[in-house]
Structures are given as structure tokens and as C-alpha cells.
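In case you want the letters, here they are:
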Amino acid sequence: MAVSVGSPPVSAMADRADACAKRLQEADRVLLASHIDADGLTSAAIASTALERAEIPHEVVFEKQLDAESIEAVAAREYDTVLFTDFGSGQLEEIRPHERAGAFTPVIADHHQPADAETEYHLNPLLFGIDGAAELSGAGAAYVLARAMESVAATDEGSTDAARIDNRDLAALAVVGAVGDMQGGTDGLAGANGAILEEGIEAGVIESATDLAIYGRQTRPLPKFLEYATDVRIPGITNDEAGAVRFLSELSVDLKREGDWRVWADLSPAERQTVASALIRRAIERGVPSNRVETLVGTSYTLLDEAPGTALRDVSEFSTLLNATARYERADVGLAVCLGDRDAALERARTLLSNHRRNLSEGLEWVKTEGVTVESNVQWFDAGTRIRETIVGIVAGMAIGTPDVDGGKPIVAFASKNETELKVSARGNYRLVRNGLDLSAVMREAARGVGGDGGGHDVAAGATIPAEKRDAFLAAVDELVGEQLS
């Protein structure tokens, strides 16, 4: 039976998922095309596993961006059925001509803002009153489809093996995708994501708990765990290795084992409580605002089938690892990890992650040194070739959370895609969204006005534009954001 998601519109979404699943089941073979970030990789892994379990032959391909050129390449592969995950909704105007020409039948499991076009097999929460930016990720849409494929397979005449399919274990990957897509925040996953989380808990593949909302619970030695906790800056601990060590050494807890610092996941509940309470006291003593202190505690997710002490055990670390593969043209490595490879693929992913962290650090340092240009309604920087176009959006998101950048205005980041095009990434925050910001609409309208294209979510979106049109594009963005926030 299809997963129960959201509220009143759920039955309509389940019906659409069943129709999409039926279309896939009828296909002789399927081309699965997916986006390359953590949400896209988990979407692809969920869909690929569901297709495999339903014994549907398929091939997986990845695209950094789904545009007219990449859709032409998809059509050239001559598959009668193409499943798009974590993109496709915003590119329906480019997909529809191929569908009308009989090149392929599209099946779309996405959560981005749909374009002004329609197709029959289109599974998107936004079509059913569910927020695709906060309540259901691309991986979540793929999971809804995977659950629907259980019932379709089970009712397929003469299929005895398919009747035993249970895709609830794929909820673990759906949660990784949602967290990787920055859905949930410290309060945890909600709405349709929350329903999927509950299914994963019932299936015994994931655990949810209230914990310190700090990255690195499974892998970072305690001093580094606190030193690198930059979301809430605590003077004397944040970015201060010696200060973090002093703080820990003053606690009446044995935080070392055989001379080496333990990691957060090693601590007992009582030990964690001791450290967390002391950390909160220190934050208050050092003048951290109460609303920031509150964000030190949040919801954590642990994948119970993964080995303790590894990056894959913690959902946040897993999603970061995946981002490090695809953004360096190794989506195949990220997919292999999602599908269970814990040998060569995981080792390669760890190497890519180390490189990714270094590049992000260098990119953020460059932004801090060079600064941003402030317009009436937005702020921006152009990294050129100094920051890879595949990670400039992450750097922009990190920058808007620092004291050096105004959190009251969206940030727009440019990086060179090639000799003639610029990649644009825009980031805001949910306070701005509540005041009317919709970066997806801004990126689409401003980009199309200069001969490019864009889209995404209200809080985070992107575009590709002709390089010589940067200033005209930026002027349009500034005007559109001003209209939204006025």
C-alpha cells in the first residue's frame, strides 16, 4: 500500500503515485535520470532499488542540470519510458515536445516548482498542497513512488515474488535526502517527511532523538566536534581548539579512552547530558542570545543498519558525504554507496569528502576576504573560476550564516560554468520566505529575461545565464526580490 503522507491531499497523491508505478511496471525497460546532489542521489537509489525489486530492467544516468541539451541526450538513448527524479517538474516545457513526438513517456518524481505545462505521470507534492521545500524532498517523492510500486507489483497477475516486496527500508535514504536538502531544521522533519520518518522507525532502519544539533556526532573527536560547531558561535570554544579542550577537561566526565578523545556517539546518555548542560551554560555566560542557545539542541537521526562510528551512521554526515561525490563528477560513487557498497566506493567517497571540505573552506575564506557587493534588496559575489560552479551554492549558504554577511538579504553567487555561461546560486532563509521571498520564481523570471533558465525552491534556487548578461540579470533579481519583500 502507498505511504500515507501529509494531510487531506494525500489520497490524490497516492492515486497519482499508483498511476506512475503502473506505467513503470508496464515498461519493458526504464531510463532513470536524476539530479546529482544528496537529494538527487538518494532519489535515484530509492527509485533504482524499487525498480530492481520489481524486476524492471533499467539504466541510471545523472545530470548536473536538466536543460534542453540534456533532455535531447535522454531522448537519444531511445527508451520508451524515462523516470526523472529530483528534477523534471521545472523542465516540463522542454520535456513535453519529446513526449508529444513519441520519443519517450516521462514519469516524474520531483518536488521543485512545476513549469506551466502538464503531463500525465507527474508526482510532485506541490500539485497536492504539500510544501516541496520543507515537507517533502525529491527523495521523499521517490519513496512515495517506491511504496506505490509495492501494491502495483503485488497485484500483477502471476507475480509471487513481487507480492513480498516491502520498500519501507528505503525510508532511511528518503530521510538522508530530506536532510541533505536542508528540510526540517532543528525541529526535525515534519509533514510528509515526518510520515516517512515514522515508517522508517517502524521498519527498524532509523532512530530519531533529541540531541546536540552539531555536525560530526559519529566521527569527530570531542574537541573538534565543539570547535567546528559554528552554527552557534560560543566564544572560547568555537574556532578555538585550545578553548574546546580546556572546556572539556574541566568536566567531571571521562572523555578519553586509552589516551584518545572519544566521539559524541561514544558517550552514554548521562555523559551527553553533562556535556550538553555545561555547553549551554557556557553559551549563556558568554552572552550568546537565548534564541541562538535554543538552536544548540535539535533532532538527530541515526541509521541503525550502518556501523557505529562511521559517517554513514549519522544522517547529516551521510548527506554531506554524498554531496562530496556528485559535485566532483562522481555521482556513480555516491549511488554505489547508497546502494550498499561499503568497500571501494565508500573509500573513494571519503577521499572526495576530504577534498570537498578543503574546497568549501577555501571558498568561504575567499568570500570573507573579498566581501560581497550589497544592492538595494540582495547581496552578491562573483567567484569566477575561484570556486567550482558545483559548490558555489553551498559556499553562498555557508556565507549567509556568518557575521560577515547580512542575514537580512538573500545572497546571489556567480561562478563560471564555461567560457560563455555563468552558474548562479541564490540562498535566503526561512524568515525571508515568511516575508514573501520566492527565489525559485526570481531565478526563473530573471534568467529567462536574459536568455537563460532557472528554478528551484523559495529558500534556495539557481540558474544558468549568458556570462555577458550578468549585470542585467542581477538588476532584474534585485527588482524582483524588492517587489516580493515590499
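Basis of the calculations
- Residues numbered from 1 in each chain as written.
- Predicted model: local features only at pLDDT ≥ 70, side-chain atom pairs only at ≥ 80, totals over all residues.
- Heavy atoms only, no water.
- Helix = DSSP H or I, 4+ residues; strand = E, 2+ residues; numbered from the N terminus.
- Buried < 20%, exposed > 50% of the residue type's maximum accessible area, 1.4 Å probe, protein only.
- Lys, Arg positive; Asp, Glu negative; His and termini not counted.
- Salt bridge = Lys/Arg side-chain N within 4 Å of Asp/Glu carboxyl O.
- UniProt positions renumbered as here; feature names shortened; annotations may be inferred.
- 1 Å grid on protein atoms, 1.4 Å probe; cavity = no way out; pocket = protein on both sides within 12 Å on 5 of 7 lines; lining within 4 Å.
- Points joined across faces, edges and corners; volume = space filled by probe spheres on them.
- Domains from an automatic or database assignment.
- Contact = heavy atoms within 4.5 Å.
- Buried area = accessible area lost by both parts, 1.4 Å probe.
- Polar contact = N/O pair within 3.5 Å; in protein donor to acceptor, adjacent residues only side chain to side chain.
- Nonpolar A, V, L, I, M, F, W, Y, C, P; charged D, E, K, R; others polar.
- Core = buried A, V, L, I, M, F, W, Y, C linked by side-chain atoms within 4.5 Å.
- Axes fitted to C-alpha atoms, helices over the stretch in contact; angles between N-to-C directions.
- Parallel < 35°, antiparallel > 145°, perpendicular 65-115°, else oblique.

Quick notes on the side chain of Asp-181
- Of note, Asp-181 is situated in the loop between α6 (171-180) and α7 (191-203).
- No salt bridge is formed by the buried Asp-181; the nearest opposite charge belongs to Arg-327, separated by 7.3 Å.

Observations regarding the UniProt feature "domain: DDH" (unreviewed entry) in the protein chain
- UniProt tags residues 30-152 as "domain: DDH" (unreviewed entry).
- Annotation note: span residues 30-152, helix share 40%, strand share 18%, distance between end C-alpha atoms 16 Å.

Observations regarding the layout of surface pockets
- Considered as a void within the structure, the second largest pocket measures approximately 290 Å³ in volume.
- Lining the second largest pocket are 16 residues, with Asp-169, Ala-172, Leu-173, Glu-306 and Cys-338 positioned closest to its centre.
- The set of elements that each furnish at least two residues to the lining of the second largest pocket consists of α2 (38-53) and α6.
- Inspection of the lining of the second largest pocket shows a minimum of three residues originating in each of domain 1 (11-156 + 163-206) and domain 2 (207-336 + 343-360).

Things to note about the environment of Pro-223
- You can see Pro-223 is positioned in helix α8 (residues 222-227).
- Owing to a relative accessible area of 5%, Pro-223 belongs among the buried residues under this scheme.

Describing the domain arrangement of the protein chain
- Along its sequence, the protein chain is carved into domain 1 (11-156 + 163-206), domain 2 (207-336 + 343-360) and domain 3 (371-485).
- One C-alpha centre belongs to domain 2, the other to domain 3; they are set 29 Å apart.
- Contacts between the two partners involve seven residues from domain 2, matched on the other side by eight residues from domain 3.
- Between domain 2 and domain 3, roughly 710 Å² of surface is buried when both sides are summed, and carbon and sulfur atoms account for 62% of that area.
- When the area that domain 2 buries against domain 3 is broken down by residue, the three leading residues are Arg-233, Arg-327 and Leu-360, summing to 66%.
- Residue Arg-388 pairs with Glu-329 through a salt bridge whose shortest N-O separation is 2.9 Å.
- Put simply, domain 2 and domain 3 have three residue pairs in polar contact (both at pLDDT 80 or more) between them.
- When the residues that make up the side of domain 2 that touches domain 3 are grouped by side-chain class, the tally is two nonpolar, two polar and three charged.

So, the nonpolar core
- If you look at the biggest cluster of nonpolar residues, it comprises 71 residues, and the most contacted ones within it are Leu-24, Ile-46, Leu-83, Leu-145, Met-149 and Phe-318.
- Residue-level mapping places this core at the junction of two domains, with at least three residues from each of domain 1 (11-156 + 163-206) and domain 2 (207-336 + 343-360).
- Beyond its immediate stretch of four places on either side in the chain, Phe-318 contacts Leu-173, Val-176, Leu-303, Glu-306, Ala-311, Leu-312, Val-337 and Cys-338.
- Ranked by size, the runner-up nonpolar core spans 25 residues in total, among them Leu-222, Phe-247, Ala-278 and Leu-279.

Re the side chain of Thr-302
- Position of Thr-302 relative to the elements: it lies in strand β9 (residues 297-303).
- Of the residues examined, Thr-302 reaches a relative accessible area of 15% and is grouped as buried.
- Discounting residues that sit within four places of it in the chain, Thr-302 has contacts with Val-205, Ile-206, Glu-207 and Arg-313.

Thoughts on the packing of helix α12 (residues 315-326) against helix α14 (residues 344-370)
- At a closest axis distance of 8 Å, the pairing of α12 and α14 adopts a crossing angle of 85°. With respect to each other, α12 and α14 are oriented roughly perpendicular. Judged by residue contacts, Thr-320, Leu-321, Asn-323, Ala-324 and Thr-325 of α12 engage Leu-346, Ala-349, Arg-350, Leu-352, Leu-353 and His-356 from α14.
- Considering only residue class, the contact of α12 with α14 consists of six nonpolar, four polar and one charged.

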